[in-house]
Amino acid sequence: MSHPPSVRLTVAQALVRFLSVQYTERDGVRRRLIAGTWGIFGHGNVAGIGQALVEVGEDAMPFHQGRNEQAMVHAAVGYARQLDRLSAQAVTTSIGPGATNLVTGAALATINRLPVLLLPGDSFATRPADPLLQQLEHPTEADVSVNDTLRPVSRYFDRITRPEALIPSALQAMRVLSDPAETGAVTLALPQDVQAEAYDWPQEFFAERVWHVRRPAPGPVELAEAVRAVRAAARPLIVAGGGVHHSEAEEALKALVDATGIPVASTQAGKGSLRHDHPADLGGIGHTGTAVCDDLARTADLVIGVGTRYTDFTTASGTLFQNPDVRFLNLNIAAFDAHKLTARTLVCDARTGLEALTAALAGHRVDPAYVTEYGEGKARWEEVVETAFRAADDNAVPTQTQVLGALDAVVGDEDVVINAAGSLPGDLHKLWRARSRRQYHLEYGYSCMGYEIPAAIGVQQATPDTPVWALVGDGTYLMMPTEIVTAVQEGLQINLLLIQNHGYASIGGLSETVGAERFGTAYRYRAADGTFTGAPLPVDLAANAASLGMDVLRAKTVRELREALATARAADRPTCVYVETDTATATAPPAEAWWDVPVAEVASREAAVQARERYDRDVAARRHHL
């Protein structure tokens, strides 16, 4: 009996070759599933995956050199999001701290339902010496390594302790990465001895494989129930989440809205599902939402969630949807998310489901008075935006919202604006005028400081020549400026808008409202009483960005800021616009809905006592939707 043809390769060589011939297909468009590999090399992967990447060459598997393992995952996530989850990147690290640095990025990817393949080195499978350098010694479980920290934040995890185990595990990894209902971080932990071990691999393991990304349709019974619910509703409201973008369902959503008149509120991930100037686009919803959205949410009798996870920011910690008769209809490709809030469900692809719903609702429209009501609310909110964006004096130091107004005046429809943490997400969710499906790129599932700069690199890699803006405050910048070096090395023209406000502005404001009195949130010298209330630290972040290779433009006034932003957008290399904001003048609109941050139940300081009284009043409005 003849054996099928085989080829002798190391495990690492086989894995890289396998990854180079995996593809996705949706709607007739084929893409590389793993389009490149990020890496930082150490003793745990340099002789395995490192050698394999050299062996296979750049054409088969492009390599990207990172500076921080967490940042490499963020770049890969930004890449995958920009390409609607149809193409992803791998990240390889050594064992020890290189591997554990992946955990934060993996959590971000999985929480946001975005694919990334993680290939951390691991301790020797054969245990020739014990302990190894950087090995975790567990007293009762000898097979535990630091890579087990990746288990809870991965959608699929395996440790490849034998060469032949790679075949089923690699196939499962590709299945999960390409499955829109299951995708997230996938981890294949690779013991460093196994990486270098040779094996006779069946050649068919390296045949091209196409993973078809399905668009399941709603079941007829579910669809009929959904149609009855919509027809019966007097005040329906759509909540558009990130699934609208991932499914490329924006036109399908617009068709449903144009046909029925149902208004649309957006989560952070879903903003831009409709253009900001569409009559039914009411902006953000929840704690960082607009007044018109949150007012409608409080009186809605049917909330139609499309591709949303319903985080506490969206639901205002369970206090937003106050109509006693409110019901929920959730369209989501993942049953786990579709069933939230005890909803009627349409478990299906967002675009397919919206198209089916539009067809089944033919002839149905909401009452014209409802359209007039939310149209007037939208117009009132636009005045709020204009006030927040507009500076009375072009020669004054800009506030943060005026910084956003200056950027709004410079960007085009094709620009991508990236943010993740601090006070900017709230201002952007309330105020930003999203002009295209991919312009608004907020990572708010994990709200991870340090995401923005590497994600901008990933977006540039995914769609070259796209103007990309990473918006960061000083706190976020100090967390992870390292990938500026990567952008310079790769010649990626990302724009960094660096806002200096001398500390954690968002948490400082939150601290004040919960009775913690802004403790530990300012970047200042210690005062005589030991608190951080002295003069601002003389930290020059612009000089730091310049030292890492960026061109830097400093702006002190609103006029200088607009000019600097226009110059940066026209530049042909990585450019930073640095601005120090006026933190004494409040121009941001206040929160239109609550967010639950528990306050000390007993305290001796008056600020905390008053905060607890407010908390007890607010929490009383929470309800469970059963």
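We now turn to the structure provided with this report. (Residues numbered from 1 in each chain as written. Predicted model: local features only at pLDDT ≥ 70, side-chain atom pairs only at ≥ 80, totals over all residues. Heavy atoms only, no water.)

### Focus: unusual backbone geometry
Geometrically, the link from D130 to P131 is a cis peptide bond, its omega value of 5 degrees lying close to zero. Of note, P131 is situated in the loop between β7 (116-122) and β8 (156-159). Within the chain, S317 stands out as a residue other than glycine whose phi angle is a positive 55 degrees. Relative to the helices and strands, S317 is located in the loop between α12 (312-315) and β16 (327-332). (Helix = DSSP H or I, 4+ residues; strand = E, 2+ residues; numbered from the N terminus.)

### Describing the sheet that holds β16
Reading across from one edge, β14-β13-β12-β15-β16-β17 is the order of the six strands in this open sheet, with parallel pairing throughout. Unpaired on one side and paired on the other, β14 (281-284) and β17 (344-347) mark the two borders of the sheet. Between one strand and the next, the sheet's axes are offset by a mean angle of 20 degrees, whatever the strand orientation. One ladder, built from three bridges, connects strand β12 (residues 236-240) with strand β13 (residues 264-266); its direction is parallel. (Pairing = 2+ DSSP bridges. Axes fitted to C-alpha atoms, helices over the stretch in contact; angles between N-to-C directions.)

### Side note on the pattern of salt bridges
Pairing is possible between side chains of opposite charge, provided their charged atoms come close. Applying the stated criterion across every chain yields a total of 35 salt bridges. Here R298 and D295 are joined by a salt bridge, their closest N and O atoms 3.3 Å apart. One end of the pair, R298, and the other, D295, are both in helix α11 (residues 291-299), three residues apart, so they sit about a helical turn from each other. Among the residues examined, D295 registers a relative accessible area of 42% and is labelled partly exposed. The partner of D540 in a salt bridge is R554, and the shortest N-O contact between them spans 3.0 Å. Residue D540 is found in the loop between α21 (505-513) and α22 (541-547), and its partner R554 is found in strand β22 (residues 551-555); the two are separated by 14 residues along the sequence. (Salt bridge = Lys/Arg side-chain N within 4 Å of Asp/Glu carboxyl O. Buried < 20%, exposed > 50% of the residue type's maximum accessible area, 1.4 Å probe, protein only.)

### Here we look at empty space enclosed by the protein
If a probe as big as a water molecule is rolled over the atoms, it shows which places are left empty. Counted according to the given criterion, the structure contains two cavities of 30 Å³ or more. Considered as a void within the structure, the largest cavity measures approximately 60 Å³ in volume. What lines the largest cavity is R26, D84, R85, L86, L177, S178, D179, P180, T183, V213 and H246. Grouping the constituent residues of the lining of the largest cavity by class yields four nonpolar, three polar and four charged. The space that makes up the second largest cavity amounts to roughly 40 Å³. Taken together, I95, G96, G121, D122, S123, Q134, L136, S145, V146 and N147 make up the full set of residues lining the second largest cavity. (1 Å grid on protein atoms, 1.4 Å probe; cavity = no way out; pocket = protein on both sides within 12 Å on 5 of 7 lines; lining within 4 Å. Points joined across faces, edges and corners; volume = space filled by probe spheres on them. Nonpolar A, V, L, I, M, F, W, Y, C, P; charged D, E, K, R; others polar.)

### Remarks on the layout of surface pockets
Counted as a void, the second largest pocket has a volume near 730 Å³. Taken together, 46 residues form the lining of the second largest pocket, with N112, R113, G242, G307 and R309 sitting closest to its centre. For the lining of the second largest pocket, the elements supplying multiple residues, two or more each, are α5 (102-111), α9 (242-246), α12 and α13 (335-338). The element best represented in the lining of the second largest pocket is α9, accounting for four residues. The residue inventory of the lining of the second largest pocket, partitioned by class, reads 16 nonpolar, 19 polar and 11 charged.

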